[in-house]
Amino acid sequence: MRAATLLLVSGVAVASATGALVGCGGGRSSTPAELKLEREDLIAVVRTLKSSEASVGREVASAKAAWPLVANGLPANLPPSVRSPIVAAGESARKIELPVLLQEAQAAALTGPASQLAGMFRTSTRLATRGWALIGEAIEQIDHGPATSARFARTNVALYIESVYDSHFNLAQLDKKLHAGYSKLGGPAAFGETLTQGELDGVADFYSEATCRLHPHAGVRLGS
């Protein structure tokens, strides 16, 4: 469990550092050739996000079903009625296949807004997968592990719960980032039929707060 905790924390730290680097070197106007490439990259990422809607939608639905059971920490008793939705959420998160374009090796070549969008999606899916898996492992330790492992699990489960919340919060920010990137690169006038406003809005609406964010906010803190 301790190693898993460190893995989760290090993964979040790396993702945050990567996000902080996006957009560095700003202030210089893009050349026409650079703008063309940024638009092409945004089109590719928008269509890739569209192709992921089915698997993400299943994870979001499962997460919303399980979230009320963990939002304020694990209950004192963990009957099957609590465990089953958590297991289902973990399985749905694990089944999200990260498209090749959004994987680190391919995404490193993306330019403009597409780069940040790819990083946000990748971070969100990783946080969800790790968070639910570690919550499930915590439950296993509480149910069947020695007393010291059970106490450790209870003490640290808030970190995993918060990571699940953060994964969906980040996912829900793609809406704003999609619209901002589209507008920055010229909007409908620049993209024409290659990426219409309606096509962009449809994808953005799916990755929005109304669709993806979990409610209420996580109400448990590490060590509580």
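This is a predicted model, so every value here is computed, not measured. (Residues numbered from 1 in each chain as written. Predicted model: local features only at pLDDT ≥ 70, side-chain atom pairs only at ≥ 80, totals over all residues. Heavy atoms only, no water.)

A. Geometry of the overall build of the protein. In terms of helices and strands, the protein carries 11 helices and 0 strands. Mapped from its N terminus to its C terminus, the protein presents α and β elements in the order α-α-α-α-α-α-α-α-α-α-α. Counting across all 224 residues of the protein, residues that qualify as buried make up 43%. In the protein, of all internal contacts separated by at least 6 residues, the share reaching a separation of at least 24 is 81%. Within the structure as shown, the protein displays about 11,000 Å² of accessible surface, and the carbon and sulfur contribution to it stands at 57%. (Helix = DSSP H or I, 4+ residues; strand = E, 2+ residues; numbered from the N terminus. Buried < 20%, exposed > 50% of the residue type's maximum accessible area, 1.4 Å probe, protein only. Contact = heavy atoms within 4.5 Å. Areas by Shrake-Rupley, 256 points an atom, 1.4 Å probe, with all protein chains shown as cover.)

B. The side chain of threonine 48, seen in detail. Relative to the assigned elements, threonine 48 resides in helix H2 (residues 32-51). The buried category is assigned to threonine 48, whose relative accessible area is 12%. In this structure, threonine 48 is in contact with Pro99, Leu101 and Leu102, ignoring residues within four places of it in sequence.

C. Highlighting the packing of helix H6 (residues 113-144) against helix H7 (residues 147-172). In the contact formed by H6 and H7, the axes pass within 8 Å of each other and the chain directions differ by 155°. By the criterion of interaxial angle, the relationship of H6 to H7 is roughly antiparallel. Our pair here, H6 against H7, has a crossing hand that is left-handed. Residues of the contact of H6 with H7, tallied by class, amount to 16 nonpolar, 8 polar and 2 charged. (Axes fitted to C-alpha atoms, helices over the stretch in contact; angles between N-to-C directions. Parallel < 35°, antiparallel > 145°, perpendicular 65-115°, else oblique. Left-handed = near helix turned anticlockwise from the far one by under 90°. Nonpolar A, V, L, I, M, F, W, Y, C, P; charged D, E, K, R; others polar.)

D. Summary view of the pattern of salt bridges. Counting across every chain of the model gives 7 salt bridges. Linking lysine 36 and glutamate 40 is a salt bridge whose minimum nitrogen-to-oxygen distance equals 2.5 Å. Placement of both lysine 36 and glutamate 40 in helix H2 is noted, with a separation of 4 residues, approximately one turn of the helix. Its relative accessible area of 39% is what places glutamate 40 among the partly exposed residues. Across the salt bridge formed by arginine 83 and aspartate 143, the nearest N and O atoms sit 3.2 Å from each other. Separated by 60 residues along the polypeptide, arginine 83 in helix H4 (residues 80-94) and aspartate 143 in helix H6 bring together distant segments of the chain. Taken together, the salt bridges that share partners define one network made up of Lys176, Glu209 and Arg213. (Salt bridge = Lys/Arg side-chain N within 4 Å of Asp/Glu carboxyl O.)

E. Layout of the nonpolar core. Counting 30 residues, the largest nonpolar core has Leu49, Val56, Phe121, Leu171, Leu174, Leu178 and Tyr207 as the members making the most contacts within it. When residues of this core are traced back to their parent elements, those giving at least two are H2, helix H3 (53-70), H6, H7, helix H8 (174-184) and helix H10 (197-206). Those residues within four positions of valine 56 in sequence are excluded, and the remaining contacts are Ile96, Phe121, Leu171, Phe206 and Tyr207. Counting 29 residues, the second largest nonpolar core, distinct from the first, contains Ile135, Ala153, Tyr160 and Tyr165. (Core = buried A, V, L, I, M, F, W, Y, C linked by side-chain atoms within 4.5 Å.)

F. Examining the packing of H3 against H7 more closely. Packing of H3 against H7 leaves a shortest axis separation of 11 Å and a crossing angle of 140°. Between H3 and H7, the crossing angle belongs to the class labelled oblique. Here H3 and H7 pass one another in a crossing that is left-handed. Only Ile161, Val164, Tyr165, His168 and Leu171 of H7 make contact with H3, whose side of the interface consists of Val56, Glu59, Val60, Ala63, Trp67 and Val70.

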